[in-house]
Amino acid sequence: MITEHPVSPLPGLGPFAGKIQPTHRKRMAAIYVRQSTLQQVERHQESTRLQYALADRAVELGWAPDQVLMIDEDLGRSGAHAEGRPGFQRLMTEVGLDHVGIVLGIEVSRLARSSRDWYQLLEVCALFSTLIGDADGLYDPQTYNDRLLLGLKGTMSEAELHILKQRMSEGRKAKARRGELKFALPMGYIRDPGGAVIKDPDAQAQAAIATVFEQFARRRTINGVLQHLVTHQLALPYRIRTGPQTGQLQWRRPSRVTLSNLLHNPAYAGAYAYGRRPTDPRRCQPGRPGTGRTVAAMDDWMVLIKDHLPAYISWSQYEANIAQMAANTARAGGWVRHGVSLLSGRLICGHCGLSMAPQYSNGGTRLRYSCCREATDYAGPSCQTLAGKPLDALIARLVLEALEPAALEISMQVAADLEGERARHHADWGRRLERARYEVERAERQYQAVEPEHRLVARTLEQQWEAALIAEAQLKADYERMRASEPATLSEAERARIRQLAADIPALWRASTTTNADRQSIVRLLIERVIATVIDDSERVTVEIHWIGGHRTHTLLVRPVARLEQLSDYPQLVARTLELHQAGYRCPQIAEQLNAEGWRPPKRRETFNGPMVTNLLIREGVRAGHSPAKPVPWPERGADEWPINELALVLDMPPVTLFSWLRRGWVQGRQVARAGRQQWLIWADKAEIERLRARRKAPQRWIKDPDSPSDDPIGGPT
């Protein structure tokens, strides 16, 4: 008879050792070591030693030293989430693979600070019969009492973390409401020995910050400010925050991100702000404390105390800068572009209320405005489209009329701006030269102060002195080149030229030195938006101009259209043409009479001519002019060959358009001699006629043919 004896507890282990079964000791003992931050790892080394000592505890519980698995990959990682903790994930994997008999941790908070992760670990340990041990004892997750106690410990661990965070957060908010919470100061500011925030005492640093705001007020774009700083070799001041050179002033090249942060920071307007970058938990990435940051609107800032800091600009100027940068975004219409369009981002469709986009062809020289949002988003038809040249010409005329009374003020302001700009440039150069002179004198004093016999140090100081002299000489040479290329003051000839240009604003507008971006900028300064409405797909367009300041102008624009039928007075035009034809007028005479009466063709020309009247009469089924007594026969004309005029009548299109198709190779034809000159016969059977009709009705694609003087749309009506 075999008697089975229970496993006796190991000496000194108490009643908890009875929970350990041989099946547990056949597997490994996992020791989980974690500290929340690297700072804790460095400063709280006793806690780390206690956690590593759990390996001896596992040996006391009956595991062999080679069965102890040390998991310490999570040193310096927070236990708030399982993501970003490879050690915890490795522990879960080992338990799930049935490799672990017991999990040891100094306390529950080391394993997890989240109830979700903690209960997941309990479920896996209970499923694979894995024990959990801490400084208080051993627990079996399969046992209800132990499971209840472990659940309470996990809940308390999570609550403890929440209470600690809430306490620190409330203290930080209370300090911020008083404006006493310290944060990293932006460039251009330092703290005095008493802790108060002051402007950087370096005059060049203050001037560099002021230059950024002055240039943005003039150029109104971050890119314009960046180009100005790079062109004039201006750097931005940084105070080193860490390391042996803490507090030293360093000059760095400007960047777009740096300028954007500088212009958005309310500290330069003298305001203390807290809560500008709240954290969105959905965007946070474990192990990366800086992730999840969002940009809050000014009304959502937690703390805003105005006139709390020394200011570089006023609060009203700061608000204007924020509004300007918001207006520069593509969603708000964007800043000026380099295309020929004057109304990019300012033109609104009068039918649907959406923005009309400029479309360029012929190498970017031909412009059309199109409301194509319906076609882009839903593959539907375009709302409306119109040629850009007539509309831009109308807007330019109205803008010049608005600017004419201010010609004298413009000339004086331009002269003052140029003088001020040059004065600021020279002041910046003066400060840079002064700093270079100081570096030379400082290096010289250091060299003179060293003992002559101490050659090891003297040689190094001598090299520094020479480097400072070379840098100063190079800076002086750059300054002299700048002075040679840019006179310090405006000459009398320059002033006279400015007054002459301002007096003739249209000439200045059309000058080759005035770029498309300059013209767009002027339009944006005067016009808020333009609403264009095409009336019944005709040549008439109502234009409503909303000027800055609230004034509105209503006018009517006549645009070029593709077909005669689109003219609003097409029935009257046909009736008048037929009336003149019945009165015995020949086609050239009819054209002259129509022009005298104010009739206008749809496009290409401002007046009618004889061939245009002939085509109009043919479209109405009337033989134009006087036919000869005997028609001239077509030699060798095939069954499916057509003269251009006859085929154009069948296809219901102008003969000139059909001839352009022939030149492009879209139809096939041949020349024959008739009435003493070469004329075309086009081949077209029934299938070909149907194909040509389909091409005629196809959507228009505006492509410039380099061999054609016109810009007819391909595949569409003219």
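Draft legend 1. Here's a closer look at the nonpolar core. V212, F213, L259 and Y268 are the most contacted members of the largest nonpolar core, which totals 30 residues. Elements with a contribution of two residues or more to this core: α9 (203-219), α10 (222-231), α11 (256-264) and α12 (315-327). Contact partners of V212, with chain neighbours within four places excluded, come to V225, L229, L236, L259, L262 and L263. L398, V399, L403 and L557 belong to the second-largest nonpolar core, a separate cluster that totals 29 residues.

Draft legend 2. Summary view of the sheet that holds strand β17 (residues 540-547). Within the open sheet, the 4 strands sit side by side as β12-β16-β17-β18. Their pairing is mixed. Across the chains shown, the open sheet's two edge strands, defined by having one partner strand only, are β12 (347-349) and β18 (552-558). The sheet shows a mean angle of 25° between the axes of neighbouring strands, direction not considered. Where β12 lies against strand β16 (residues 527-534), 3 bridges are found, and the strand directions are parallel. Note that in β16 the partner of I348 across the bridge is I531. Those strands touched by helix α14 (residues 388-403) are β12, β16, β17 and β18, and its axis lies near 35° from that of β17. Across the sheet, helix α19 (residues 516-526) is in contact with β16 and β17; its angle to β16 comes to roughly 95°.

Draft legend 3. Structural context of the pairing of strand β4 (residues 131-134). Both faces of β4 are covered, namely the face carrying L131 and G133 and the face carrying I132 and D134. Where strand β3 (residues 100-104) meets β4, 3 bridges bridge the pair, whose relative direction is parallel. Bridge pairing in β4 places L104 opposite G133. Hairpin geometry of β4 and strand β5 (residues 137-139) is characterised by an intervening segment of 2 residues between the two adjacent antiparallel strands.

Draft legend 4. Highlighting the packing of α10 against α11. Axis separation between α10 and α11 bottoms out at 10 Å; the angle between their running directions is 120°. Comparing their axes, α11 and α10 come out oblique. As for the relative orientation of α10 and α11, their crossing is right-handed in sense. Where α10 abuts α11, its residues I222, N223, V225, L226 and L229 lie against R256, L259, S260 and L263. Classifying every residue of the contact of α10 with α11 gives 6 nonpolar, 2 polar and 1 charged.

Draft legend 5. Seen up close, the sheet that holds β4. Read from one edge of the open sheet, 5 strands run β2-β1-β3-β4-β5, paired in mixed fashion. Two strands lie at the open edges of the sheet, namely β2 (68-75) and β5, each paired on one side alone. Between one strand and the next, the sheet's axes are offset by a mean angle of 25°, whatever the strand orientation. In the sheet, strand β1 (residues 28-35) pairs with β3 via 4 bridges, with the strands oriented parallel.

Draft legend 6. Geometry of helix α20 (residues 570-582). The first and last C-alpha atoms of α20 sit 18 Å apart over 13 residues, in line with the 18 Å expected at 1.5 Å per residue. Among the residues of α20, Y570, L573, V574, R576, T577 and L580 are the ones counted as buried. Here the buried residues of α20 occupy an arc of 165° about the axis, which is enough to place them on one side. Set apart from the buried face of α20 by more than 90 degrees, the exposed residues are P571 and Q582. Taken together, the buried residues of α20 touch α21 (587-596) and α22 (610-619). Just beyond α20, the residue with positive phi is G584, at close to 100°.

Draft legend 7. Highlighting the packing of aromatic side chains. Within this structure, the stated rule accounts for 9 aromatic pairs. Their ring planes at 45° and their centres at 5.6 Å tell us that Y189 and Y268 sit as a pair that is tilted. Taken together, the residues span a long stretch of sequence, with Y189 in strand β6 (residues 189-191) and Y268 in the loop between α11 and β10 (272-274) at a distance of 79 residues. Judged by relative accessible area, Y268 falls into the buried class, the value being 1%. Taken together, the aromatic side chains of Y189, F213, Y268 and Y312 make up a single cluster linked through ring pairs.

Draft legend 8. Looking closely at the pairing of β17. Burial within β17 is extensive, with 6 of its 8 residues counted as buried. Relative to β17, β16 runs antiparallel, the two sharing 7 bridges. Along β17, the bridge assignment pairs A532 with V543. The antiparallel pairing of β16 with β17 creates a hairpin that spans 5 residues between the two strands, and D536 there sits at a positive phi of about 55°. Bridging between β17 and β18 involves 7 bridges; their strand directions are antiparallel.

Draft legend 9. The side chain of R368, seen in detail. In this structure, R368 sits in strand β14 (residues 366-371). A distance of 3.4 Å separates a polar atom in the side chain of R368 from a polar atom in the side chain of T385.

Draft legend 10. Geometry of unusual backbone geometry. Unusually for a residue other than glycine, R220 sits at a positive phi of about 65°. Structurally, R220 can be placed in the loop between α9 and α10. Positive phi is not limited to glycine here, since Q233 has a value of about 55°. One can find Q233 in the loop between α10 and β8 (236-239). Overall, the relative accessible area of 46% leaves Q233 in the partly exposed class.

Draft legend 11. Just the environment of Q446, in detail. Topologically, Q446 is positioned in helix α15 (residues 407-449). Separated by 16 residues in sequence, Q446 and E462 place their C-alpha atoms 9.0 Å apart. Those residues within four positions of Q446 in sequence are excluded, and the remaining contacts are L461 and Q464.

Draft legend 12. View of the state of the cysteines. Taken as a whole and judged by the stated rule, the model has 0 disulfides. Cysteine C371 is unpaired, with the sulfur of C352 as its nearest cysteine sulfur at 3.3 Å. The class for C371 is buried, based on a relative accessible area of 2%.

Parameters at a glance
Residues numbered from 1 in each chain as written. Predicted model: local features only at pLDDT ≥ 70, side-chain atom pairs only at ≥ 80, totals over all residues. Heavy atoms only, no water. Core = buried A, V, L, I, M, F, W, Y, C linked by side-chain atoms within 4.5 Å. Buried < 20%, exposed > 50% of the residue type's maximum accessible area, 1.4 Å probe, protein only. Helix = DSSP H or I, 4+ residues; strand = E, 2+ residues; numbered from the N terminus. Contact = heavy atoms within 4.5 Å. Pairing = 2+ DSSP bridges. Axes fitted to C-alpha atoms, helices over the stretch in contact; angles between N-to-C directions. Parallel < 35°, antiparallel > 145°, perpendicular 65-115°, else oblique. Left-handed = near helix turned anticlockwise from the far one by under 90°. Nonpolar A, V, L, I, M, F, W, Y, C, P; charged D, E, K, R; others polar. Expected span 1.5 Å × (residues − 1). Arc of directions from axis to C-beta. Phe/Tyr/Trp six-rings, centres within 6.5 Å; stacked < 30°, edge-to-face > 60°. Polar contact = N/O pair within 3.5 Å; in protein donor to acceptor, adjacent residues only side chain to side chain. Disulfide = S-S within 2.5 Å.

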